[in-house]
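What follows is the residue order along each chain.
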Number of protein chains: 6
Amino acid sequence: MNERPISRFPVPALESLPDDVRARIVEVQEKSGFVPNVFLALAHRPDEFRAFFAYHDALMLKPSGLTKGDKEMIVVATSGANDCLYCVVAHGALLRIYEKKPLVADQVAVNYRKADISERQKAMLAFAMKVCNDSAAVVDADFQALRKHGFSDEDIWDIAGITALFALSNRMANFTAMRPNDEFYLMGRVPKGDKAAKAG
Amino acid sequence: MNERPISRFPVPALESLPDDVRARIVEVQEKSGFVPNVFLALAHRPDEFRAFFAYHDALMLKPSGLTKGDKEMIVVATSGANDCLYCVVAHGALLRIYEKKPLVADQVAVNYRKADISERQKAMLAFAMKVCNDSAAVVDADFQALRKHGFSDEDIWDIAGITALFALSNRMANFTAMRPNDEFYLMGRVPKGDKAAKAG
Amino acid sequence: MNERPISRFPVPALESLPDDVRARIVEVQEKSGFVPNVFLALAHRPDEFRAFFAYHDALMLKPSGLTKGDKEMIVVATSGANDCLYCVVAHGALLRIYEKKPLVADQVAVNYRKADISERQKAMLAFAMKVCNDSAAVVDADFQALRKHGFSDEDIWDIAGITALFALSNRMANFTAMRPNDEFYLMGRVPKGDKAAKAG
Amino acid sequence: MNERPISRFPVPALESLPDDVRARIVEVQEKSGFVPNVFLALAHRPDEFRAFFAYHDALMLKPSGLTKGDKEMIVVATSGANDCLYCVVAHGALLRIYEKKPLVADQVAVNYRKADISERQKAMLAFAMKVCNDSAAVVDADFQALRKHGFSDEDIWDIAGITALFALSNRMANFTAMRPNDEFYLMGRVPKGDKAAKAG
Amino acid sequence: MNERPISRFPVPALESLPDDVRARIVEVQEKSGFVPNVFLALAHRPDEFRAFFAYHDALMLKPSGLTKGDKEMIVVATSGANDCLYCVVAHGALLRIYEKKPLVADQVAVNYRKADISERQKAMLAFAMKVCNDSAAVVDADFQALRKHGFSDEDIWDIAGITALFALSNRMANFTAMRPNDEFYLMGRVPKGDKAAKAG
Amino acid sequence: MNERPISRFPVPALESLPDDVRARIVEVQEKSGFVPNVFLALAHRPDEFRAFFAYHDALMLKPSGLTKGDKEMIVVATSGANDCLYCVVAHGALLRIYEKKPLVADQVAVNYRKADISERQKAMLAFAMKVCNDSAAVVDADFQALRKHGFSDEDIWDIAGITALFALSNRMANFTAMRPNDEFYLMGRVPKGDKAAKAG
């Protein structure tokens, strides 16, 4: 009943880490006010840490037909489907902040069909759920359905790519029993919670 | 993208309701400071309203080997498994308040195996998940496993009964697209949130 | 290989029961010629007994756009999907009697698509199966499909409500290993079997 | 709402059939008093008819460590799992007759764990369900579990072989929408129902 | 880590077999250059052997609106869905040979939607997958969809019949842990591999 | 029926690619004799290309308690479970080559329980399948089971990490309809096929 540790695996001391890994962690700490545990848990393997965040940045930070809120919405829906506590909680915080909607993360994590989101976003999440749960069944008609909502083919890659990246991330968080930082649970639920929006 | 209504069905005006139904609603409003939408949505059918809350009270309010927190934990886990937004959000609030743990509801809703709860509570929820998802497979060995954790047979009925009641409740909430009150999302996440603990 | 008992839990003596509970049991016994075991098994908890039968009566006995046969058909299909022996056997008897069709209960319990029922009833059961198995996926289009078959919104509530009530009932019967009375198996299969039609 | 035909495919006239096929049908008619529809539906393809009944006889009629009742129990459990109306109803009749238990077929079709059968029979059906639903996962430990109940390896082949044959049969009956004869529904439920025990 | 035997059950010596069974085995050996293990494993039960190959020949060798390649494609897709190693490997060889496409078997075994096959063949396999995985849900609309691709009702029986036969065959191969002959793995992948096309 | 293209998305010309991406592609081409299509399909997004191969190299090329064959075995089993044609075919080739077993890839892709691999490898794949299909259910007992087979905690991270990476990779390949190069299908099936072992 004691609090679980950050990870089933050892968490390295900051000073023991390679410079670039430590620099990234220091940077997120300065922006967010705390170090999201995913950085500490994955730092156990610096090469995988670097690759994961490079992949993350390539999809989540680049300009896109999807807004930052759209992207986090995909992460939260995927993580809900995969029962991944870390990602539901941490990315739920980001989703609330980007969308400026304190309720949206819980809605999307439980059932996106009942969320206060646009029809376009529901179509986006329906496709993400197919990539998440049965990617072998994706067919051309799925692309057509998204184009009707104004998504370009590059946007569709973004939807699928983010879903695929969190297929990886959810499994790593579940496998390592990664613990969400307590701070995430409340972020974006009350007006003052915006400062950590860059944490992941 | 507009906010969804409280229910797919008409919500009766308080003054149009039978006295006992209205009295119950007024009572919860006075305790909680607002009327949980489940009362308004189910009031569309007063006889079912009365039966539902009678069943609810028979299980949730009576003395038991389960604490109030244990009971709400079962509700939240079941509602998570059934992707029921109303019940995850509303009973998540009660769970946080009863357990005095601001993080526990999100943990249990996503993956009880990773929650900061006791081994006894994990065994309780494992059984609730079996009743929820595959009740035909319940066998005597499931009872034995619970008895090892100190649960009496009456406690086991409580676990199964609450799970069964929310099998009903989750389906009604999903079917009517019952909307959780905004108030629930934040209750019990911050120290001052305790006053609505009697709402359901 | 001996016959199983009525319930995994103690079955109270009639004379030990509260008056109203005993009165209800005596009433059904007089109508049916025997006491359906659900009354004995649930009487272990009088408050839950009262709430369950109040809920049952509110849905099953009230006037509706659904016939008594329609309602029992929903119960049997739901109970088949949940592998609930008690409810398939007991409500199968009622279904045969109300519909005056000795074959229909076995058909609906195994595969409603192959049953000798109307297209309207098949649409009703298809919706009941969605509420039973995946209620989170119910969307407005499901309501539209039912309206095309002439169901009002109140009828649709009845369909979903009965399905939800037996989501509860099936789990209680499975969990308590409730034993169907031998009498039910043959009722309504031969012309003389009508007398117990009020039993549940 | 009219009664469904015997099969989605044409049913041949007896006099148009090859002699051996007609002879088999006449033989079962004399024994049972009627022609089970499976004979008429499959006679549409005489070569497949011959092979099916040869396979059936090789497993169902030969001496075995399984009784005739054991064998029909496997058929009914498998057919219940595959939602096959024809086989649940027709073989349910045979099961009642062979076991001389009017209730056992409904019990096994819905949930064998709750049936009035021996622990040995429950172990037999648990293995049949694994072969039915997930045969790729069968491992040596499954054989060991059966040997503890006194099953020989040849008995185990019989269990799996019957399950496999009805994997075929259930799919043919479902695909052709094969209609069970009305006679089967009541056979073995009342003392006089024994004469058709050889029908299939 | 040693090679698994041909079957979990004893494999009879050729000279101990009934004449007709031995003759069939000698015939396939002469055509293929080796004895496919299915003949040896099933010869443990000569009556079932005879019935199985009679059923096989009735469906696989008779004239049909399906080509030999179409038929083997159904077998491979079904066997992939059932995770049956023997049938994927042995019938994959035949599929490559009949279709003269060295890549098609691996494609169909993994995901027919991505295979280099015609739209007609994809519709055929979509129906086969429904018969394989959820035959109780087959409805008239499934027949209409196939007729649009030019399949006759007899062709549709062939598709369903082959799928049903390999529902049996896959379960027997999985249950007996039937080992594919090493020869099959390479057949039809290189120009010289054609000679064993009649093996099964 | 024409051959499918390499990807649903445009495939860039080599000369249009950033130097580092082109260099990686030229390198694999020189080693393998051809360019595996995954390099061309992912080069549509150079940043994701770089991150993917960095992640790949971090797990697949680094020293480990797992052999190269073990690692590819995990990839093939995961890709089989996700019905990913590209990865089953391409990594099946590598698995055959590293293990020097021409049959092992087909065995592992269809059903690892029937493969000619060690008990240690079967335990490794059983865990990989849990991370693949139900990572939320991973518990400490899963780690204990692997330690009994001599896996260190770092080895366990490798198993889960590779499974997680191919959860991503399988979804990208399925979503883009990535086409396996024809060369992969035959590699490692015949003695001369070793040269492309570095391709991925």
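Above this note sits the structure.
Residues numbered from 1 in each chain as written. Chains lettered and ligands numbered in written order. Predicted model: local features only at pLDDT ≥ 70, side-chain atom pairs only at ≥ 80, totals over all residues. Heavy atoms only, no water.

*Asks:* Mind showing me how you'd approach the overall build of chain A here?
*Replies:* Scanning chain A from N- to C-terminus turns up ten helices and zero strands. From first element to last, N terminus to C terminus, chain A shows the α and β order α-α-α-α-α-α-α-α-α-α. Relative to the 2.2 N^0.38 estimate, which gives 16 Å for 200 residues, the radius of gyration of chain A is 17 Å and therefore close to what a compact globule would have. Here the C-alpha coordinates of chain A stretch approximately 50 × 35 × 35 Å along the principal axes. Looking at chain A as a whole, 64% of its 200 residues qualify as buried. (Helix = DSSP H or I, 4+ residues; strand = E, 2+ residues; numbered from the N terminus. Rg over C-alpha atoms; globule rule 2.2 N^0.38 Å. Buried < 20%, exposed > 50% of the residue type's maximum accessible area, 1.4 Å probe, protein only.)

*Asks:* Is there a simple way to think about unusual backbone geometry in this case?
*Replies:* The phi angle of most residues is negative, glycine excepted, and most peptide bonds adopt the trans form. Despite not being glycine, B:Ala177 shows a phi value in the positive range, around 55°. Turning to its location among the elements, B:Ala177 is positioned in the loop between helix H9 (153-176) and helix H10 (182-186).

*Asks:* Explain the packing of aromatic side chains here, please?
*Replies:* Two aromatic rings are characterised by how far apart their centres lie and by the angle between their planes. Enumeration according to the criterion identifies 78 aromatic pairs over all chains in this entry. Relative to B:Phe175, the ring of B:Phe9 lies with its centre 5.5 Å away and its plane at 50°, an arrangement referred to as tilted. Placement of the pair is B:Phe9 in the segment before helix H1 (19-32) and B:Phe175 in helix H9, with a sequence separation of 166 residues. In this pair, the class of B:Phe9 matches that of B:Phe175, namely buried. Of the aromatic side chains, those joined through ring pairs into one cluster are A:Phe9, A:Phe175, F:Phe127, F:Phe143 and F:Trp157. Lying across the ring of B:Phe151, B:Arg120 places its NZ or CZ 3.9 Å from the centre. (Phe/Tyr/Trp six-rings, centres within 6.5 Å; stacked < 30°, edge-to-face > 60°. Lys NZ or Arg CZ within 6 Å of the ring centre and 35° of its normal.)

*Asks:* How should helix H4 (residues 68-81) of chain F be read in this particular structure?
*Replies:* Because the α-helix completes a turn every 3.6 residues, residues three or four places apart line up on one side. All names here are of chain F. Spanning 14 residues, H4 covers 20 Å between terminal C-alpha atoms, matching the ideal 20 Å at 1.5 Å per step. Taken as a whole, H4 has its buried residues at Gly69, Asp70, Lys71, Glu72, Met73, Ile74, Val75, Val76, Ala77, Thr78, Ser79 and Gly80. On its buried face, H4 is in contact with helix H3 (46-60), helix H5 (85-99), helix H6 (104-110), helix H7 (119-134) and helix H9 (153-176). With its phi angle positive at about 50°, Asp83 sits one or two positions after the end of H4. (Expected span 1.5 Å × (residues − 1). Contact = heavy atoms within 4.5 Å.)

*Asks:* What's the story with the relation of the copies chain D and chain E in this structure? I'm lost.
*Replies:* Both copies of the chain are placed relative to one another by a rotation about an axis and a shift along it. Superposing chain D onto chain E takes a rotation of 180° plus a shift of 0.0 Å along the axis, which leaves an RMSD of 0.0 Å. Taken together, the turn and the small shift mark the pair as related by a two-fold rotation axis. The share of interface residues of chain D whose copies in chain E are also at the interface is 100%, consistent with both copies meeting through the same surface. (Least-squares fit on C-alpha atoms with pLDDT ≥ 70 in both.)

*Asks:* What is the right way to look at the packing of helix H7 (residues 119-134) of chain A against helix H9 (residues 153-176) of chain A in this model?
*Replies:* Two packed helices can be described by the angle between their axes and the distance between those axes. Residue and element names in this part refer to chain A. At a minimum axis distance of 9 Å, the contact between H7 and H9 shows a crossing angle of 50°. In terms of axis orientation, H7 runs oblique to H9. For the crossing formed where H7 meets H9, the hand is right-handed. In contact with Arg120, Met124, Phe127, Ala128, Val131 and Cys132 of H7, H9 contributes Asp155, Ile156, Ile159, Ala160 and Thr163. Looking at side-chain class alone, the contact of H7 with H9 contains eight nonpolar, one polar and two charged residues. (Axes fitted to C-alpha atoms, helices over the stretch in contact; angles between N-to-C directions. Parallel < 35°, antiparallel > 145°, perpendicular 65-115°, else oblique. Left-handed = near helix turned anticlockwise from the far one by under 90°. Nonpolar A, V, L, I, M, F, W, Y, C, P; charged D, E, K, R; others polar.)

*Asks:* I would appreciate a short explanation of the side chain of B:Glu48 in the present structure.
*Replies:* If you trace the backbone, B:Glu48 turns up in helix H3 (residues 46-60). What B:Glu48 contacts, discounting residues up to four positions off in sequence, is C:Tyr55, C:Ala58, C:Leu59 and C:Trp157.

*Asks:* Got a minute to help me understand a negative patch on the surface in this structure?
*Replies:* A surface patch of negative charge is lined by A:Asp83, B:Asp83, C:Asp134 and F:Asp134. Here C:Asp134 shows up in helix H7 (residues 119-134). What makes C:Asp134 partly exposed here is its relative accessible area of 40%. (Patch = residues over 30% accessible without salt bridge, like charges linked within 9 Å, V, L, I, M, F, W, Y side chains within 5 Å. Areas by Shrake-Rupley, 256 points an atom, 1.4 Å probe, with all protein chains shown as cover. Salt bridge = Lys/Arg side-chain N within 4 Å of Asp/Glu carboxyl O. Lys, Arg positive; Asp, Glu negative; His and termini not counted. Charge placed at Lys NZ, Arg CZ, Asp CG, Glu CD.)

*Asks:* Please explain the environment of C:Val11 as it appears in this structure.
*Replies:* Examined against the element boundaries, C:Val11 turns out to sit in the segment before helix H1 (19-32). In this structure, C:Val11 is in contact with C:Ile6 and C:Leu40, ignoring residues within four places of it in sequence.

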